[in-house]
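So the chains spell out like this:
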Amino acid sequence: MVAEHIGQLDTSWQDVIGEELNKPYMHSLSNFLKQEKLAGKTIYPPSPLILNAFNQTPFDKVSVVIIGQDPYHGHDKGKAQAHGLSFSVPHGVAKPPSLRNIFKEIEADLGIKMNEEGDLTAWAKQGVLLLNATLTVEMGNAGSHQKRGWEEFTDAAITALNAQRERLVFLLWGSYAQKKGEMIDTNKHLVLTSPHPSPLSAHRGFFGNHQFSQTNHYLSRHGGTPINWQI
């Protein structure tokens, strides 16, 4: 059973992409995850948190989408970094470099002070869908669950948002996210692109992109609620 290995999907998302869970690729993916666990491999995030992005941000509440690539595959002091939200780490886990750079840009853009906490659940609760393209990974093995079916599932989510919602903001950082966002209608939504916040690329244009203030200006201008980015 698919839900046994990937957890339950929020009912609002069930209505728009629930049929994906019954497709052959998702059954194949579920079986892959089962076999990986039987082989003694540790999978991040744990099953109840695999669909966390959808469950924290219902379909009709989404106003901003931030697309990541893979869950974090490491841990800090024995605690997994991944908890189902792109770029986010659970309470008490040290911020990875990309997240530190995101916070630096927010501070520079909005003139606010961010704290040491790296849990972005507060963003998700406000309507920021923190979506990784691939929703699971083997511990210590980056990219290990790519091309197993997750990309098709998350494409379906983006396609549904594009078609059924209007005036969303998509933040696409780096070439991978930008390719993932090629299906977005820029006449209906605001699409903001920049280099990835990784230390390898942040200085090539992520810093100084002012996308957090741009997002709030767009939401306000179109009758939406600005995001309180402060953590």
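Summary of the structure given here. (Residues numbered from 1 in each chain as written. Predicted model: local features only at pLDDT ≥ 70, side-chain atom pairs only at ≥ 80, totals over all residues. Heavy atoms only, no water.)

Considering the packing of aromatic side chains
The geometry of an aromatic ring pair comes down to the distance between the two centres and the angle between the two planes.
Then, number 1: Summed over the entire model, instances satisfying the criterion amount to 10 aromatic pairs.
Then, number 2: With a centroid separation of 5.2 Å and 80° between ring planes, the pair formed by Trp173 and Phe206 is classed as edge-to-face. Of this pair, Trp173 sits in strand S7 (residues 169–173) while Phe206 sits in the loop between strand S8 (190–194) and helix H9 (211–221); the two residues are 33 residues apart in sequence, bridging distant segments of the chain. In this structure, Trp173 and Phe206 share a single accessibility class: buried.
Then, number 3: A network of ring pairs unites the aromatic residues Phe87, Trp123, Trp173, Phe206, Phe207, Phe212 and Trp229 as a single cluster. (Phe/Tyr/Trp six-rings, centres within 6.5 Å; stacked < 30°, edge-to-face > 60°. Helix = DSSP H or I, 4+ residues; strand = E, 2+ residues; numbered from the N terminus. Buried < 20%, exposed > 50% of the residue type's maximum accessible area, 1.4 Å probe, protein only.)

Examining the sheet that holds S7
In a beta sheet, neighbouring strands pair by backbone hydrogen bonds and run either parallel or antiparallel.
Then, number 1: A sheet is described by the order of its strands in space; here four strands give the open sequence S5-S2-S7-S8, paired in parallel fashion. At either end of the open sheet lies a strand with only one pairing partner, and these are strand S5 (128–132) and S8. With strand direction ignored, the average angle separating the axes of adjacent strands in the sheet is 20°.
Then, number 2: Judged from the four bridges that link them, strand S2 (residues 64–68) and S7 form a sheet pairing that is parallel. Counted as the bridge partner of Val65 is Phe170 from S7. (Pairing = 2+ DSSP bridges. Axes fitted to C-alpha atoms, helices over the stretch in contact; angles between N-to-C directions.)

Focus: the pairing of S8
Then, number 1: For S7 and S8, the ladder comprises five bridges, and the chain directions are parallel. Within the sheet, the bridge partner assigned to Trp173 lies in S8 and is Ser194.
Then, number 2: In the classification by handedness, the crossover that spans S7, the intervening helix H8 (residues 175–180) and the parallel S8 is right-handed. (Right-handed = clockwise from strand over helix to strand, strands pointing away.)

A closer look at the packing of helix H3 (residues 24–38) against helix H7 (residues 150–164)
A pair of packed helices is characterised by two quantities: the angle between their axes and the separation of those axes.
Then, number 1: For the pair H3 and H7, the least separation of the axes is 9 Å and the interaxial angle reads 130°. It follows from the interaxial angle that H3 and H7 lie oblique. In this structure, the crossing between H3 and H7 has a hand that is left-handed. Within the contact between the two elements, H3 uses Tyr25, Met26, Leu29 and Leu33 and H7 uses Trp150, Glu152 and Phe153.
Then, number 2: Tallied by class, the residues present in the contact of H3 with H7 amount to six nonpolar, no polar and one charged. (Parallel < 35°, antiparallel > 145°, perpendicular 65-115°, else oblique. Left-handed = near helix turned anticlockwise from the far one by under 90°. Contact = heavy atoms within 4.5 Å. Nonpolar A, V, L, I, M, F, W, Y, C, P; charged D, E, K, R; others polar.)

Some points on the side chain of Asn101
Then, number 1: In this fold, Asn101 is placed in helix H5 (residues 97–110).
Then, number 2: With a relative accessible area of 7%, Asn101 lands in the buried category.

A few points about the packing of H5 against H9
Then, number 1: It is at 8 Å that the axes of H5 and H9 come closest, and there the two elements cross at 60°. In terms of their interaxial angle, H5 and H9 are classed as oblique. On H9, the residues that touch Ile102, Glu105, Ile106, Asp109 and Leu110 of H5 are Gln211, Phe212 and Ser213.
Then, number 2: Of the residues in the contact of H5 with H9, the class split is four nonpolar, two polar and two charged.

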